[in-house]
Amino acid sequence: MFRLAVSNLAQNKARLLISVGGTGLALTLVLFFGAVFTGATGRLTVYIDRAGADVWVSQAGVRTMHMSASALPATATGEVKAVPGVEEAVPILYAEDMLEAGGNQFVVYVFGVPADAPMGGPWRIADGSAVIRPGETIIDHAIAARAGVSVGDRITVLGQEMKVVGLTSGASSLVSSVTFVTMDDFARVRGGGSVISFVLVKVAPGESPGAVAARIARDVDGVTVQTRGEFATQERKLINDMSADLINIMNTAGYLTGLAVVVLTVYIATIARRKEYGVLKAIGVRNRRLYQVVVLQALMSVATGFVAGLGLTLLLTIVIPQFDELLVLSLSAGAVLRVAAISTVLAGVAALLPARQIAGLEPVAIIRRR
Amino acid sequence: MDNLGLQVERVTKRFGSGDTEVVAVRDVSLVVNPGEVVLIMGPSGSGKTTLLLMLGALLKPTEGSITLDGLELSAMSERKLPDVRLRHFGFIFQDFNLLSALNVLDNVAFPAELTGVSRRTAREKATAVLTELGLGHRLRFPPDKLSGGEKQRVAIARALINDPTLILADEPTANLDSSHGHETMRLLREITQKRSRSVVIVSHDARIKDIADRVLWLEDGQFMKAIEMATDPICGMAVEREGAVAGVREGETYYFCAKGCRDEFLAS
């Protein structure tokens, strides 16, 4: 049956190309959207992942950076630092803002970091300095490139004109970018006061972040304490929840397109061989065996389309960032497995209609028809 | 021993009912012995194909019974029939009906594999049958690269591969020219007689009468007359007993194509 299915598929090259090409492109669409989403999500938590903190302390009840605002008294830093197992505690200010540069506006996450802080500042400098002084800012070089800005130029951050002293790399995505200013500048823009957004905690060597987080939660009032992993997970969950409907619609469109292509091509291939299937039934081939041929054809079409789609998507993940650094594509093994599993189901569904055709085929009618 | 071969007893096939009822086959009885070649002829619409389909367990008779080697086909459930068709019947069709995606060897090996033999064994058997039919040099050819005669020989090989009891051929020469049609049928007779297999052929083609042991004329769903065939013992030509030159030697009657053959036979 396998050989017959392969031969049936391979005999009509144009039909095979349409089937595999159509399915491949539809699955590429699904994989590509997934890669864009994963890439963007990864970059949205880049600060949490790379700031250097083992534990994040926020206002009680605040578990994410997006869609929430954390305000802690500045005194919280000292209280946190006093907890056993805490090696460093650094306060930061955080806000989402519009950065204006070169006549363009960009959504950025602005972080106010104390001068000489051992963590919380830029982690990879592509150009210029990693040290910020009052009136200065560090932005990502992808944004700078888009705005036509270089080190030494002046831009507007938090409504204040500031001088670009450094450019980071790997801190931008399609939807956002990380920007650094001094904590004093940030506080001044906010009207001063003794309020901070988060306390970043580095635990002492040999200490577990989870244990230290539990101690901080026990000893400091009015805070929510999470390890870096917990904080990033919450953040991703929020983003996923916010985008789930959109992603589901795009995925469904991709899957339905693939399904339609496979159904049509397998159905047409079955109709074209109607007489052959009738003759096979006449010589004693059971329906079950003929279903196997149709299902195998659908599976092979989808599997080949999946491999083609995966290959094309992998190629795109390499090529596209060469042209647009903000478009970060990340293809996860989980996404690939999920698409593979759904594609297998699609193949089964695609074989239903042709199988129905075969089931209703009367060999007598085929033989009588001259 | 009596149960061997095909036995058709008082078979009738009706389509529709009431005013629209059509009796395609009417009270037909027939016995085909092992090794016998029976040709059923008749005008279009006489019920030949309907009868053939019933003989091949593709259509159930309305009345009567059909038995092959002791198996009563007409009483079998639909679930069992595909396996019976696969192992006990070989089908040859007018349009050859080969699987266009498979090469000659795989077309023939395919039904053998379905019976559960290994692919290797199936291909070995297919190669042997195809070689016997003079197609040893065409094993890897796709069907569309073969002539009509070659395609029909592949179809014969496919019908023979599972060594069936009965081979049913529906207008097997209709798409062949006269010389290829006759040659192909002669080959079929030769191979089936060697294997002691029965053949029932339904055809309009009177030119293949000489390969049959018996010719039956079906008209309005009934057998009208049987044409008994005989082989001239001198020249080997098949002749209809009725109207042929006859001669008796040692109490037995022989039939000849011409007086010359009879005289030569009686003088020998």
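The next subject is the pattern of salt bridges. Residue and element names in this part refer to chain B. Taken as a whole, this structure holds 24 salt bridges over all chains when the rule is applied. Between Arg14 and Glu63 there is a salt bridge; the shortest N-O distance is 2.8 Å. Linking Arg14 in strand β1 (residues 6–15) with Glu63 in strand β4 (residues 63–68), this pair joins segments that are 49 residues apart in sequence. Note that Arg207 and Asp205 form a salt bridge whose closest N and O atoms lie 2.9 Å from each other. Looking at Asp205, the relative accessible area reads 12%, which means it is buried. One network of salt bridges, with partners in common, ties together Arg14, Glu21 and Glu63.

With that settled, the discussion passes to the sheet that holds strand β2 (residues 22–32) of chain B. Whether parallel or antiparallel, the strands of a sheet pair through hydrogen bonds between backbone atoms. Residues and elements named next belong to chain B. Read across the open sheet, the four strands follow the order β2-β1-β4-β5; overall the sheet is antiparallel. Edge positions in the open sheet fall to β2 and β5 (71–72), since each of these has one partner strand only. Helix α1 (residues 48–55) contacts β1, β2 and β4 of the sheet and is inclined by roughly 125° relative to β1.

Quick look at the side chain of A:Gln226 now. Residues and elements named next belong to chain A. Following the sequence through the fold, Gln226 ends up in strand β12 (residues 223–227). Here Arg63 takes part through its backbone oxygen, which lies 3.4 Å from a polar atom of the side chain of Gln226. Each residue touching Gln226, except ones within four places of it in the same chain, is listed here: Val55, Trp56, Val62, Arg63, Phe231 and Gln234.

Before going further, it helps to spend a moment on the pairing of strand β8 (residues 198–202) of chain B. Residues and elements named next belong to chain B. Among the five residues of β8, five are classified as buried, and the element is accordingly described as predominantly covered. For strand β3 (residues 37–41) and β8, the ladder comprises four bridges, and the chain directions are parallel. Counted as the bridge partner of Leu39 is Ile201 from β8. Across five bridges, strand β7 (residues 166–170) lies against β8 in parallel orientation. In the strand pairing of β8, Ala169 is matched with Ile201. The parallel pair β7 and β8, bridged by helix α6 (residues 178–194), forms a crossover whose chirality is right-handed.

We now examine the state of the cysteines. Residue and element names in this part refer to chain B. Summed over the entire model, instances satisfying the criterion amount to zero disulfides over all chains. In this structure Cys235 is a free cysteine whose sulfur lies 3.6 Å from that of Cys257, the closest cysteine sulfur available. Cysteine Cys261 is unpaired, with the sulfur of Cys257 as its nearest cysteine sulfur at 3.7 Å.

Conventions used here
- Residues numbered from 1 in each chain as written.
- Chains lettered and ligands numbered in written order.
- Predicted model: local features only at pLDDT ≥ 70, side-chain atom pairs only at ≥ 80, totals over all residues.
- Heavy atoms only, no water.
- Salt bridge = Lys/Arg side-chain N within 4 Å of Asp/Glu carboxyl O.
- Helix = DSSP H or I, 4+ residues; strand = E, 2+ residues; numbered from the N terminus.
- Buried < 20%, exposed > 50% of the residue type's maximum accessible area, 1.4 Å probe, protein only.
- Pairing = 2+ DSSP bridges.
- Contact = heavy atoms within 4.5 Å.
- Axes fitted to C-alpha atoms, helices over the stretch in contact; angles between N-to-C directions.
- Polar contact = N/O pair within 3.5 Å; in protein donor to acceptor, adjacent residues only side chain to side chain.
- Right-handed = clockwise from strand over helix to strand, strands pointing away.
- Disulfide = S-S within 2.5 Å.

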